[in-house]
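What follows is the residue order along each chain.
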Amino acid sequence: MGARHLKTAALVANTAINQKVSDIVKGVIDDIKANGDAAVRQYSEKFDKWSPPSFKLSEDQIQECISKVPAQTIADIKEAQKNVRTFAEAQRASIKDFEIEIQPGVFLGQRNNPISTAGAYIPGGRYPLLASAHMTILTAKVAGVKHVVACTPPILGEIPNATVAAAHFAGADEIFLLGGTQAIAAMALGTESVKKVDFIAGPGNPFVAEAKRQLFGEIGIDLLAGPTEVLIVADGLADPFTVATDLLSQAEHGPDSPAVLITTSEEVGQQTIKYADQILKDMPTAELAGTSWRDYGEVVVVDSLDEAYELADVYSSEHVQILTQKPREALEKMRNYGSLFLGEKTCVSYGDKCIGTNHVLPTRKAGRYTGGLWVGKYLKTQTYQEVVDEKASGEIGRLCARCSRAENFEGHARSGDLRAHKYLQDTYSWIDEAKK
């Protein structure tokens, strides 16, 4: 029968660049490039109504913030960060420096060197995403980044104390109460008070994403993130109530978060739709979750799990949850996703908040060509070479010269000629002429 929809998205996700957003962001970046801190303050006042004597928090201010956070929240932050650190350390251990002798006297190698300075953007606004501090700052520190600048916006004119605590415990070297385009531009370009960084990571709203896009090249970035996405693959034995709950848990991120179910069971699909409608009736974030579910929610029925995995790969969703009898099959069947959540005993929310894997993940089908934020994003894999044997140098020089002249690169060829001349006593008219 092929794939058939029980629920179709009312709207199609818009992946085009919003020209109005792009123009606003460009104006802010240009102004901050020209006017530094004065422009940063102007836009913070305009967009966040926030203009403290200093955007940078002092150590006393940080400790005051921490003192206002409930003890249980502090303990939870530390436990979540322990999980993130443990996984990040395992990732770092998997990345190896090496050196090989490819022929006698010829050594090639690679080193994985950390970026020197990184910026971490921790969103505020609708939700204080303090977990983003774990994912960006802590991961950078495990990679060996020496200096991490954290920026997070005020929320309704107030300092987000829990976010500040999370940034501090994650290892931020500086914390700024600064949000939006002005924060990204300040870190990327540098101002009188904000240190210029080499790399920026962290999710954010469309203005933050566009600022990162426009400043890429000036600095490195983790990825260009769009709205949160979730896709669930479910078989006929999956619990529809669990499916509905987990779809809506991600739909609450915003009004344009796609939530998709691909199932082999029409009954599971129909029951999921019914339960979603029921859950939304008293869900505190129903306005957002309901809008996403109405406009971007899909339920697709397919004939087999193989077809489900194949279709899921086409969607290439940010979060893919597998609710089947043999969830680990997805590890072999699927290739395109941000992160996989295998079985009913885990869920996407675990990854978002505390289990240890990174929640900064590719959206808008970018899982076809990249993974999410990880320790490796903060490392530069850099190669080196050394030739210590004269005969080897001369022979490689001859090879280099031939390869270079095949491409009409005479200058390159002459560097090879010179080694062949020095170490194998080859003669070349251009050398004789040049030394006259």
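These lines cover the structure that appears in this document, whether it is placed above or below. (Residues numbered from 1 in each chain as written. Predicted model: local features only at pLDDT ≥ 70, side-chain atom pairs only at ≥ 80, totals over all residues. Heavy atoms only, no water.)

**Details of the overall build of the protein**
Item 1. Within the protein one finds 16 helices and 14 strands.
Item 2. With the C-alpha coordinates of the protein rotated into their principal frame, the extents come out at 90 × 65 × 45 Å.
Item 3. Buried positions account for 49% of the 436 residues belonging to the protein.
Item 4. Sequence-distant contacts, at least 24 apart, represent 72% of the contacts inside the protein between residues at least 6 apart.
Item 5. About 21,200 Å² of surface is accessible on the protein, with carbon and sulfur atoms providing 52% of the total.
Item 6. Of the side-chain charges in the protein, 46 are positive and 56 negative, and the distance between the mean point of each set is 4 Å. (Helix = DSSP H or I, 4+ residues; strand = E, 2+ residues; numbered from the N terminus. Buried < 20%, exposed > 50% of the residue type's maximum accessible area, 1.4 Å probe, protein only. Contact = heavy atoms within 4.5 Å. Areas by Shrake-Rupley, 256 points an atom, 1.4 Å probe, with all protein chains shown as cover. Lys, Arg positive; Asp, Glu negative; His and termini not counted. Charge placed at Lys NZ, Arg CZ, Asp CG, Glu CD.)

**Digging into the nonpolar core**
Item 1. Judged by nonpolar contacts, the single largest core of 69 residues is most densely connected at I137 and Y378.
Item 2. When residues in this core are grouped by element, the largest group, 8 residues, is from helix α1 (residues 19-48).
Item 3. A244, L247, I273 and V348 belong to the second-largest nonpolar core, a separate cluster that totals 24 residues. (Core = buried A, V, L, I, M, F, W, Y, C linked by side-chain atoms within 4.5 Å.)

**Notes on α1**
Item 1. Between the first and last C-alpha of α1 there are merely 22 Å, a value that for 30 residues lags more than 12% behind the 44 Å anticipated at 1.5 Å per step.
Item 2. Along α1, the sharpest kink reaches roughly 135°, centred on N35.
Item 3. When α1 is considered as a whole, its buried residues turn out to be V21, S22, V25, V28, I29, D31, I32, G36, A39, V40, Y43 and S44.
Item 4. For α1, the elements touching its buried residues are α6 (180-189) and α7 (206-215). (Expected span 1.5 Å × (residues − 1). Bend = angle between axes of the 7 residues up to and from the residue.)

**Section: unusual backbone geometry**
Item 1. Even without being glycine, R364 reaches a positive phi, approximately 50°.
Item 2. Phi angles above zero are rare outside glycine, and Q425 is one such case at about 60°.
Item 3. By the element assignment, Q425 lies in the loop between α15 (410-424) and α16 (429-434).

**A word on the packing of α6 against α7**
Item 1. At a minimum axis distance of 8 Å, the contact between α6 and α7 shows a crossing angle of 25°. One way to sum up the angle between α6 and α7 is to call them roughly parallel. In this structure, the crossing between α6 and α7 has a hand that is right-handed. From α6, G180, T181, I184, A185, A188 and L189 reach across to α7, where they touch F207, V208, A211, K212 and L215. (Axes fitted to C-alpha atoms, helices over the stretch in contact; angles between N-to-C directions. Parallel < 35°, antiparallel > 145°, perpendicular 65-115°, else oblique. Left-handed = near helix turned anticlockwise from the far one by under 90°.)

**Topic: the side chain of T181**
Item 1. Turning to its location among the elements, T181 is positioned in helix α6.
Item 2. Discounting residues that sit within four places of it in the chain, T181 has contacts with V25, V28, I29, F207 and A211.

**Details of the pattern of salt bridges**
A pair can form between side chains of opposite charge whenever their charged atoms are brought close.
Item 1. Going through the model one piece at a time under the given rule, you end up with 17 salt bridges.
Item 2. The residue D303 makes a salt bridge to R4 at a minimum N-O spacing of 3.4 Å. Linking D303 in the loop between β11 (297-301) and α11 (305-315) with R4 in strand β1 (residues 4-7), this pair joins segments that are 299 residues apart in sequence.
Item 3. The class for D303 is partly exposed, based on a relative accessible area of 42%.
Item 4. Classification of R4 by relative accessible area gives partly exposed; the value is 24%.
Item 5. The shortest N-O distance in the salt bridge between R405 and E410 comes to 2.9 Å.
Item 6. One connected set of salt bridges, linked through shared partners, spans R405, E410, R414 and D417. (Salt bridge = Lys/Arg side-chain N within 4 Å of Asp/Glu carboxyl O.)

All quantities given are derived from atomic positions and should not be read as evidence of function.
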